[in-house]
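# Close look at the chain arrangement
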Amino acid sequence: MNKYQNSHLLCTLKAVVWLLVAQSGLSLIVSGCSPTNSANSTVKSVSDHQGSSTIQSSAPEKQTVVRIGYIKGSLSAIAKERGTLERELAPKNIKVEWVGTFPSFAPVLETINAKSSDLGAGGDIAGLSALSGGINACIIAYRPANRNSEGIVVHADSPIRKFDDLIGKKVIVNRGGISEHLLLKLLEKENIPKDKVSRVYMKPDEALPAWVSHHVDAWAVWDPWVASAEIKYNARQIPLPAKVPHYSLYMVDRDALKEKSEAIRGVIAILAKEGEWLNKHPQENQKLYQKVSGLPPEVVKRTFERQPVDGVLPLEPKVIADLQSAADWIYKQGIVQKRVEVRDALCPSS
């Protein structure tokens, strides 16, 4: 048998195999045969007969990924622990990725600015400072003001007994955040020039060792840091001349909101329901908070004694006015270099 006959026989055998396989719904690539032989003609007719039902398939729907930057012990951290977002969003082909944890809002905002997370929540002053700095983000919701969990702590043996005693002393604050705002607001109320008290800029997780070692005189901060200092290090709070309430803001990268608006708004809606559930189940809330924060039970207990109800609420006129007042104040005080128009910083409604 010559070379041509061998080739022709091989092609015929391949065609027979292909036909048998094709009838069973599978596909097989046949190559190496001349397009002029009868076997190749048969292959073409079977391929045409199968049509799109066996060869073509619709591409799977692209999964939407929402990245959430979160603070230790926050509502988002508890939602992550409970798996609520994953359970409710998976059937909608939405995946949640968690970015964190962080000790405060400033580093969360840095991740939003760097496009490594899509949204996050934290203190209003940090959020307004980031907006002044040019972050491409908007405010989509807020949490009720925290009126009882901020303070200025000193050591038990400190000579500082009242707010005026801070003159000439060093106080730790978070730069452009709620504790710096707290200190400066109270200095203004007491008609004390702000340069009479030295501000030492540190993040809360960095501040604790510095305060414990007596490198500074006082520490302006919020719970659970206040409660930790009180219980673990016998700190005491000095009486403040007034309260300076602060909201928490939920902020979203504008580009991410344009690209996946439905998914992000779905996340916000689920977090709102999660906040409502936690408010109705305080014991479960406290246990979850202790687990995600890793704090001792007595610190958690004291934190919850002062912690307000949680919530993820739509922006309303009074809150917008309060935020504008805070934005104007930090601009006039030189904390930020550019004035923020809060209404322009709100996320579009749709």
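About the cut-offs
- Residues numbered from 1 in each chain as written.
- Predicted model: local features only at pLDDT ≥ 70, side-chain atom pairs only at ≥ 80, totals over all residues.
- Heavy atoms only, no water.
- Helix = DSSP H or I, 4+ residues; strand = E, 2+ residues; numbered from the N terminus.
- Buried < 20%, exposed > 50% of the residue type's maximum accessible area, 1.4 Å probe, protein only.
- Contact = heavy atoms within 4.5 Å.
- Areas by Shrake-Rupley, 256 points an atom, 1.4 Å probe, with all protein chains shown as cover.
- Phe/Tyr/Trp six-rings, centres within 6.5 Å; stacked < 30°, edge-to-face > 60°.
- Lys NZ or Arg CZ within 6 Å of the ring centre and 35° of its normal.
- Axes fitted to C-alpha atoms, helices over the stretch in contact; angles between N-to-C directions.
- Parallel < 35°, antiparallel > 145°, perpendicular 65-115°, else oblique.
- Left-handed = near helix turned anticlockwise from the far one by under 90°.
- Nonpolar A, V, L, I, M, F, W, Y, C, P; charged D, E, K, R; others polar.
- Expected span 1.5 Å × (residues − 1).
- Pairing = 2+ DSSP bridges.
- Salt bridge = Lys/Arg side-chain N within 4 Å of Asp/Glu carboxyl O.
- Core = buried A, V, L, I, M, F, W, Y, C linked by side-chain atoms within 4.5 Å.
- pLDDT = per-residue confidence, 0-100.
- Disulfide = S-S within 2.5 Å.

## Some points on the overall build of the protein chain
If you tally the helices and strands in the protein chain, you get 14 helices and 10 strands. Counting every position in the protein chain, which comprises 350 residues, the buried fraction comes to 48%. Restricting the contact set of the protein chain to residue pairs at least 6 apart, pairs at least 24 apart contribute 76%. A total accessible area of about 18200 Å² is found for the protein chain, and carbon and sulfur atoms account for 52% of it.

## What to know about the packing of aromatic side chains
Applying the stated criterion across every chain yields a total of 6 aromatic pairs. Ring geometry for Tyr 70 and Trp 98: centres 5.5 Å apart, planes at 80°, overall edge-to-face. Remark: Trp 98 occurs in strand E2 (residues 94-102) and Tyr 70 occurs in strand E1 (residues 64-71); sequence separation between them is 28 residues. One Lys or Arg, Arg 175, reaches over the ring of Tyr 201 and ends 3.8 Å from the middle of that ring.

## Here's the deal with the packing of helix H8 (residues 204-212) against helix H9 (residues 225-233)
Contact geometry for H8 and H9: axes closest at 12 Å, N-to-C directions at 30°. The angle between H8 and H9 places the two elements in the roughly parallel class. H9 is crossed by H8, and the crossing has right-handed handedness. Residue-level inspection shows Pro 204, Asp 205, Leu 208, Trp 211 and Val 212 of H8 in contact with H9, the latter providing Trp 225, Ala 229 and Tyr 233. Its residues assigned to classes, the contact of H8 with H9 comprises 7 nonpolar, no polar and 1 charged.

## Quick notes on unusual backbone geometry
Residues Gly 100 and Thr 101 are joined by a peptide bond in cis, for which omega reads 10°. Its location among the elements puts Thr 101 in strand E2. One non-glycine residue, Asn 93, adopts positive backbone phi at about 65°. Structurally, the position occupied by Asn 93 is in the loop between helix H4 (84-89) and E2. Located in the positive-phi region is Asn 234, a residue other than glycine, with phi close to 55°. Mapped onto the elements of the fold, Asn 234 is located in the loop between H9 and strand E9 (236-237). Using a relative accessible area of 53% as the deciding quantity, one classes Asn 234 as exposed.

## Quick word on the environment of Glu 81
Mapped onto the elements of the fold, Glu 81 is located in helix H3 (residues 75-82). We classify Glu 81 as partly exposed; its relative accessible area is 36%. For the pair formed by Glu 81 and Tyr 289, sequence separation is 208 residues and the distance between their alpha carbons is 9.5 Å. Excluding residues within four positions of it along the chain, Glu 81 makes contact with Leu 288, Lys 291 and Val 292.

## Considering helix H12 (residues 282-293)
Residues lying three or four places apart along an α-helix face the same way, a consequence of the helix completing one turn every 3.6 residues. Look at H12: 16 Å from first C-alpha to last across 12 residues, which is about the 16 Å you get at 1.5 Å a residue. Just beyond H12, the residue with positive phi is Gly 294, at close to 70°.

## Details of the sheet that holds strand E5 (residues 150-154)
Through backbone hydrogen bonds, the strands of a sheet pair up, either in parallel or in antiparallel fashion. Reading across from one edge, E7-E6-E8-E5-E9 is the order of the 5 strands in this open sheet, with mixed pairing throughout. This sheet does not close on itself; its edge strands, each paired only once, are strand E7 (198-201) and E9. Contacts from H9 reach E5, strand E8 (218-222) and E9 within the one sheet, and its direction differs from that of E8 by about 130°.

## A few points about the pattern of salt bridges
Scanning the model with the defined rule gives 17 salt bridges in all. Measuring nitrogen to oxygen at the nearest pair gives 2.6 Å for the salt bridge that ties Asp 253 to Lys 115. Pair noted here: Asp 253 is in strand E10 (residues 246-253) and Lys 115 is in the loop between helix H5 (105-113) and strand E3 (119-123), with a separation of 138 residues, a long-range link. Residue classification places Asp 253 among the buried residues on the basis of a relative accessible area of 4%. Using a relative accessible area of 35% as the deciding quantity, one classes Lys 115 as partly exposed. Put simply, Arg 306 and Asp 223 hold a salt bridge, and the shortest N to O gap is 2.8 Å. Residue Arg 306 is located in helix H13 (residues 297-306), and its partner Asp 223 is located in the loop between E8 and H9; the two are separated by 83 residues in the primary sequence.

## Points about the nonpolar core
With 66 residues, the main nonpolar core has Ile 152, Phe 163, Leu 166, Leu 183, Trp 211 and Trp 219 as its most contacted residues. Residue contributions to this core peak at 7 residues, all from helix H14 (residues 317-332). Those residues in contact with Phe 163 that lie beyond four places of it in its chain are Ile 152, Leu 183, Leu 186, Leu 187, Glu 190, Ile 192, Ile 238, Pro 239, Leu 240 and Pro 241. Counting residues in each nonpolar core, the second largest holds 39 residues, with Ile 78, Ala 256, Ala 263 and Val 312 among its members.

## Looking at the confidence of the model for the protein chain
The predicted model of the protein chain averages 84 in pLDDT, with 82% of residues at 70 or higher. For residues 1-57, every residue scores under 50 in pLDDT, and the model assigns this stretch 26 contacts once sequence neighbours within four places are set aside.

## A look at the state of the cysteines
Counted under the stated rule, the structure contains 1 disulfide. Two residues share a disulfide in this structure: Cys 138 and Cys 347, whose sulfurs sit 2.0 Å from each other. With the S-S bond torsion at 90°, the cross-link from Cys 138 to Cys 347 turns out right-handed. You can see Cys 138 sitting in strand E4 (residues 137-146) and its partner Cys 347 sitting in the segment after H14, a full 209 residues away along the chain. Both residues of the pair, Cys 138 and Cys 347, count as buried.

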